[in-house]
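Given next are the chains, with one letter for each unit.
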Amino acid sequence: MPRSKPKSAARLYSQAESFRRSRRDRASEIAQDYVEAIADLSASLGEARVTDLARRLGVTHVTVNRTLGRLQQAGYVHTKPYRAIFLTDNGKKLAEESKKRHETVAAFLRSLGISEKISELDAEGIEHHVSPETLAAFERRLKK
């Protein structure tokens, strides 16, 4: 089997930068999902607890605790052992922005005739990757 040509240093750097960006985007996506879920749980149950968050997100309590540590370092949440989870002002702002993006994307998909269930499922992925320009276009279209 012939060997492929070696990649240039510039191409390797570009590829590495792409992977770094992808990891940053994924971390941001997780933060958005968590703060949105914490806000929803707080609104519906009066508080957000690790067990409720784990159930809502379909992950283990260990995963939630690790992620909460990162969110606390990033300034999105306040936590205390065996207590509820609270959003900081930055966490509340991120949760509101995430919810608005989700609602806009889901409404746009429904306006195309996509079912409620599929619109919600698809919006969950799209909301994290839609550019501000595209989101603004969705909003303009929805106002018509």
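Here's a quick rundown of the structure.

The rules behind the values
Residues numbered from 1 in each chain as written. Predicted model: local features only at pLDDT ≥ 70, side-chain atom pairs only at ≥ 80, totals over all residues. Heavy atoms only, no water. Core = buried A, V, L, I, M, F, W, Y, C linked by side-chain atoms within 4.5 Å. Buried < 20%, exposed > 50% of the residue type's maximum accessible area, 1.4 Å probe, protein only. Helix = DSSP H or I, 4+ residues; strand = E, 2+ residues; numbered from the N terminus. Contact = heavy atoms within 4.5 Å. 1 Å grid on protein atoms, 1.4 Å probe; cavity = no way out; pocket = protein on both sides within 12 Å on 5 of 7 lines; lining within 4 Å. Points joined across faces, edges and corners; volume = space filled by probe spheres on them.

**What to know about the nonpolar core**
- In this structure, I38, L53, L68, V77 and I85 are the most contacted members of the largest nonpolar core, which totals 17 residues.
- For this core, the secondary structure elements donating two or more residues are α1 (9–45), α2 (50–57), α3 (61–73) and α4 (89–111).
- Tallying contributions element by element places α1 first for this core, with six residues.
- The residues touching L53, leaving out its near neighbours within four places in the chain, are Y34, A37, I38, L41, V64, L68 and I85.
- The next biggest cluster of nonpolar side chains, apart from the first, holds eight residues, and it includes A106, L109, V130 and F138.

**Examining the layout of surface pockets**
- Estimates place the volume of the largest pocket at around 320 Å³.
- Around the largest pocket, the lining comprises 14 residues; the ones closest to its centre are V50, N65, K80, P81 and Y82.
- The set of elements that each furnish at least two residues to the lining of the largest pocket consists of α2 and α3.
- With five residues, the top contributor of residues to the lining of the largest pocket is α3.

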